[in-house]
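# Descriptive structure summary
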Amino acid sequence: MTKIVGDPNYIAVVGPVNSGVAKAQIPISNAAGLLQCSPSNTNTALTVGDAAKALRTKPNNYIRVVTNDAIQGPAAAAYIITVLKKTSVYIIDDTETFGKGIADSFEAEFKKRGGTVVKHDAAPKTTQDYVSIMTAAKALNPQSIYFGGVTASGGARIALAAAQVGLDVPFVGPDGINDGSGDTKDSFLNLANKVAKNAYSTLAGPGTFEGKDKFDADYKKEYGIDATGYAGQGYACTQVVLDALARAAKTNPKDSAALREAVRVAGTDTTYEYTLDVGKVKFDANGDTSQLIVSIYSFDPAAAKGKGDWKYETQVDAAQK
Amino acid sequence: MTAPIAASTITGTAASVAGEPMLVLEEVNTYYGQIHALQGVDLSVAEGEIVTLIGANGAGKTTTLKTISGLLHPRHGTVRFEGTDVSRTPAHLLVRRGIGHAPEGRRIFSRMSVLENLMMGAFTRETPTIPPDLERVMTLFPRLRERSHQLGGTLSGGEQQMLAIGRALMSHPRLLLLDEPSLGLSPILVQQIFAIIREINSQGTTVLLVEQNALQALSIAHRAYVLQTGRVVLAGPAKDVMSNETVRKAYLGED
Amino acid sequence: MTAIASPAAQPNPLSRGIRMTVIAVVAVVAYMLILWVLLFGLGGRTVANAFPEALQQTVNALSIGAIYALIALGYTMVYGIIELINFAHGDIFMLGAFLATVFIAGITGNNDAVTNIPLLIVLLLGALVFTMPIIGLLNVGIERAVYRPLRHAPRLAPLITAVGVSFILQNVALTIAGSGDRKSPQIFPLDWTIPIGGAQVSILSIFIFVLAMLLMLALQAFVSRTRLGRAMRATAQDQEASALMGVDANQTISLTFLIGGVLAAAAGLVWGLRFGFVRFDLGFNSGLKAFTAAVLGGIGNITGAVIGGFIIGFIENGAASLGYSRWSEFLVFVILTLVLLFKPTGILGQLTGDRA
Ligand SMILES: Nc1ncnc2c1ncn2[C@@H]1O[C@H](COP(=O)(O)OP(=O)(O)OP(=O)(O)O)[C@@H](O)[C@H]1O
Ligand SMILES: [Mg+2]
C-alpha cells in the first residue's frame, strides 16, 4: 500500500478482501487521500465507532459495497428463527475479532427475537479436540449451531466433530465459510463435504441481482472459474471507481494529485446514488453502503459436478424491517 | 572356592603374538583438550599377572585405564592388546575383545536392580552363558545374591563396589581394569576385596589394578608402576618397588 | 540357585503393574464422577442426563490423552537419553498424520467410511505398517544428520537446531500441502457406537485408546525386559558406563529416535481418523502439549509421559465439557506451573533415566 500511494499513477484501489488487511491499509491510504473500495470487508469497526476513527487522520477515503457484520450476524439469526423455525442455538466462535464480533451480534439478535442460546462457547483456532466440545454441545440439545469464524479457524473441523457426535442440526456460519465449492482447495465445503447437508452460510451482500446469470456466465468465460463469494461485489467496486473517475474528470483537475483527491471526493460523495450491478446504492459518511442486504446460502450436494456447492436461498434486507 | 567358570573362554584365546605381553602401551600421550594428562606412558601387562599402578592424586592413573579401555584415545603412541593396535577402538568394541573395566567411582546403574546391573555386564555375551556367569559372581560376592532385586542406588558403598567388580566380570574379561576398588571401604572389606582380586586372578583373569592403598596393592601384585604427573617414574617387581626409598616415603607413609 | 538366575526387571514388577492399573482406573472413574457432579452443578444438566455425558466425555478424554501420550513418549525418551528437548518431535507427528492421510486417500480414493471390517483392518494395519517405519527412519535420519554432530557442542546448540528442524519440517509440509486444512479420510465409521450407561460410546474412541495402550505396553515390555531395552535405560543413566558394558551409544540413540518416530506416526494416523483433517502447523500445538505432558510426568520417565499425556487430555476435556474451551490451554499451563512449583521434577519425579 505504501508503494501504491507513493505512485501518482494510482488514483483508486479496489480491495482489500480481508478486514484485517483493511485495518492495516486504511491509515496509509487515508493519509494519502486515495479512494479505496472494498468488495468484501465486513468488519464493523472499519467504518463505525472510535476504532474506525482511529484509523483515519484525514477525510474519509474508504467505502465498501458489502454491508457489515452488525447486519450479517443478525440476518442469520432472523433466518434461523423465521425460516428454519429453530428456536434454540449453540454458538461457538473462534475467539478472533471477526468471529467473536459476528457471534456476539448474532447472539443479541437471536435473543431479541425470543430464541434460546443454550451456550456461547469459544475455541481458538489452535484447538485440537473439537469432538469433546461438540459432545458438550450435543448434551445441551440445541436445535441449531451458529459458528462465528472462518474455515481456517475451525469451521469445517467443528462441523465434522458435530457430525461425529451425532449432533445433526442446521450448522450456520458467516461469509467466512462461504469460500467456494466442494471443488475449491481448503474450502469449508471441500473439507466438510460429507457432513455439510445441513450447512448454511451468509454473504453480506445480495446473492442475486438483475443480470446475475449473465454476469456469472461472462465471469466464467473471462476467468475460467466460477463467480463465487463476492465476485459480483468486486465488479461493483470497479463500477464505483470508474463512475467516480468520470465525475472527477469533469472538474478538470490540474495534476495527478488533484485528480486523486477529486476521485476521492466523488467516490465518497454521500449524496450520489450509484447504479451498480448489485443495485442502486449510496454510501454514508462512514463509507458503509445503503444496501443492507444479507443473502443466505444452503448446501447443494449435486452442484459443482457432484462435489457440492453453496446454493442461494433467499436474502434478508435489514432496511425493510 | 572353585566356581563353575567357562574355562575355555579364558585359556583358549589369549594367544599373544610373538611372545609379546597381553597389553602394551608405548609412548602414550593422552590429552583433555589442552591438558596433557599422559606424557609418554610405557607400560605392559603379561597374561596371568596382577600389575598395579600407583601414584599421587592427579598423576594420571584413571586416565591410563580409560585410554586402555577405549573411553579415551591417545593423541600419540599406541595401545596394543593381544598384538592388535586398539588405540582408536571405541570402548564398546573393546569389551568384546576381552577388556573389562570397573571404573573409578563404581558407576553402577543406580536405577537398575543388582541383577539388571549384572545383566548389563553380560551385554556382549550369549544368553546361555549368562546363568553360570551369574552364579560365579554371586558365589564370589554372596552379598549380591541376597540383594539381587534391590536397586543399585540403594546399595551401601561396599556393596556397590562388589557390584561394580561383579558387573565387569560378567563380560568375561581376559584383562580386568580395576580403578580404586578399595576406595571408601572399611578395613575388613578392603581385605576381602583384595582377597577376591587374587581369587579372580587365580581363576585366570589378568588384572591391572589402580590403587591409593599402595601397600595392599603391592602386596598382591606381581609387578608395579609408579606414575607421576603423567609419566612412569618407577617400574619393577612389586617387592622391589615396595622397598624403594622414595616410594616408601611418598606412598607408604614412612619417613 | 536358578531362581535368581532368571532376570526380572523390578522388585515385584507384577504387583507394581497391578497397583498402577488400579490407580489409573480409580483416577478415571473419579474424573467421570467429578465431571458428572460438575455438569449438573455448574453446567445446568439434570442429574440423569449428566451421567451419560460424563461417561462420553471420559471416553473422549481417554482418546485425546492417548494421542498426547504417544507423542509425549518421543519427547521423554529422547530427553532421557541425550538430554535434548527435541522441538521437532511435534512436527514428526504432523508428518506422520500427513503420511497416513496420503496412504489412506491414495488407496481408497475417496473420503468414505469403510464398513467392511476385514477391509478396514487391512487398511488400518497397512497405514501403520507404511507410516511407522518411514517416520521412524526419518527421525533417525534427522538425529544422524543434525543432532549427532552437535552431541558434544554446548547445550544450546542442539536445542536451537531442533527449533530450526521444526521450522524446516513445517515448511516442507507447507510447501507440499499448502496452508489450509487438508482433509483426512475418516475411514473408521463414525456411527459405530456401543451403548453403555445411556451413552453412545464411539468404537473409534475405543480403538484409539486400545491401540495406544498396546503400543505403550509393548514399549514398556521392550524397555524393561529386553536386552536392548535395558541398554537404552543404561545409556540414559550413564553413557560412559554403558560403553564399558559394550553398548554402542550411537546405535542406542538411533533406536530411541526410531521408537519415538514410530509412536508419533501411530498418533498421526489416529489423529486423522478422529478429527478428519491435517495441517502443516498441527505439530506445533500438539507438540507443545505433548511436551508439557512429558514435563508434567517427569521428563525422561516413560510412565510419567503416559500419565502426563492423559492428564493433559483430561484437563482439556474438562474445560471443553464445562464450556470453557477457550481456557483449556491456559489451564494446562497453570497446572504445569503449579506441579513444577511444588514438584520441580514432575509427578513421577526422576529427571532422567528411570524408564520403567
Ligand atoms: N575430564 C577431564 N578434563 C580435564 N582434565 C582432566 C579430566 N580428567 C582428568 N583430568 C586431569 O588429568 C590429570 C590426571 O587425572 P586422573 O584422573 O587420571 O588422575 P588420577 O591419577 O586417577 O588421580 P586420583 O588418584 O585422584 O583419582 C589431572 O590433572 C586431572 O585434573
Ligand atoms: Mg583416579
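Quick caveat: nothing in here was measured; it's all calculated off a predicted structure.

This part covers the overall build of chain A. In terms of regular secondary structure, chain A is built from eleven helices and twelve strands. The globule rule puts the C-alpha radius of gyration for 321 residues at 20 Å, and the 20 Å found for chain A is close to it. For chain A, the spread of C-alpha atoms along the principal axes amounts to about 70 × 45 × 40 Å. Across the 321 residues of chain A, 56% fall into the buried class. Restricting to contacts in chain A with at least 6 residues of sequence separation, those with at least 24 account for 70%. Counting only carbon and sulfur atoms, one obtains 54% of the accessible surface of chain A, whose full area is about 13100 Å².

Tracing the backbone through its elements, the reader meets Leu134(B) in helix H5 (residues 130–140). Distance from Leu134(B) to Leu115(B), taken between C-alpha atoms, is 8.7 Å for residues 19 residues apart in sequence.

Looking now at the nonpolar core. Ranked by size, the top nonpolar core spans 135 residues in total, and within it Met134(A), Phe188(A), Ile67(C) and Trp271(C) carry the most contacts. With 20 residues, the single largest contributor to this core is helix H3 (residues 47–82) of chain C. Residue contacts for Met134(A): discarding those within four places in its chain leaves Tyr90(A), Ile92(A), Ile158(A), Ala161(A), Ala162(A), Val165(A) and Leu167(A). Ranked by size, the runner-up nonpolar core spans 46 residues in total, among them Ile108(B), Leu134(B), Leu169(B) and Val226(B).

Let us now look at the interface of chain A and chain C. At the junction of the two partners, chain A supplies 29 residues and chain C supplies 39 residues. Summed over both partners, the interface of chain A with chain C buries about 2700 Å², with 48% contributed by carbon and sulfur atoms. Counting every contact that joins chain A to chain C gives two salt bridges. Among the salt bridges present, the one from Asp181(C) reaches Arg157(A), with a minimum N-O distance of 2.8 Å. Counting every contact that joins chain A to chain C gives eleven residue pairs in polar contact (both at pLDDT 80 or more). Where the side of chain A that touches chain C is concerned, the elements lending two or more residues are strand S5 (116–122), helix H6 (130–139), helix H7 (155–164) and helix H8 (188–191) of chain A. Broken down by element, the side of chain A that touches chain C gets its largest block of residues, seven residues, from H6(A). Taken together, the residues that form the side of chain A that touches chain C break down as twelve nonpolar, nine polar and eight charged.

Scoring rules and cut-offs
Residues numbered from 1 in each chain as written. Chains lettered and ligands numbered in written order. Predicted model: local features only at pLDDT ≥ 70, side-chain atom pairs only at ≥ 80, totals over all residues. Heavy atoms only, no water. Helix = DSSP H or I, 4+ residues; strand = E, 2+ residues; numbered from the N terminus. Rg over C-alpha atoms; globule rule 2.2 N^0.38 Å. Buried < 20%, exposed > 50% of the residue type's maximum accessible area, 1.4 Å probe, protein only. Contact = heavy atoms within 4.5 Å. Areas by Shrake-Rupley, 256 points an atom, 1.4 Å probe, with all protein chains shown as cover. Core = buried A, V, L, I, M, F, W, Y, C linked by side-chain atoms within 4.5 Å. Buried area = accessible area lost by both parts, 1.4 Å probe. Salt bridge = Lys/Arg side-chain N within 4 Å of Asp/Glu carboxyl O. Polar contact = N/O pair within 3.5 Å; in protein donor to acceptor, adjacent residues only side chain to side chain. Nonpolar A, V, L, I, M, F, W, Y, C, P; charged D, E, K, R; others polar.

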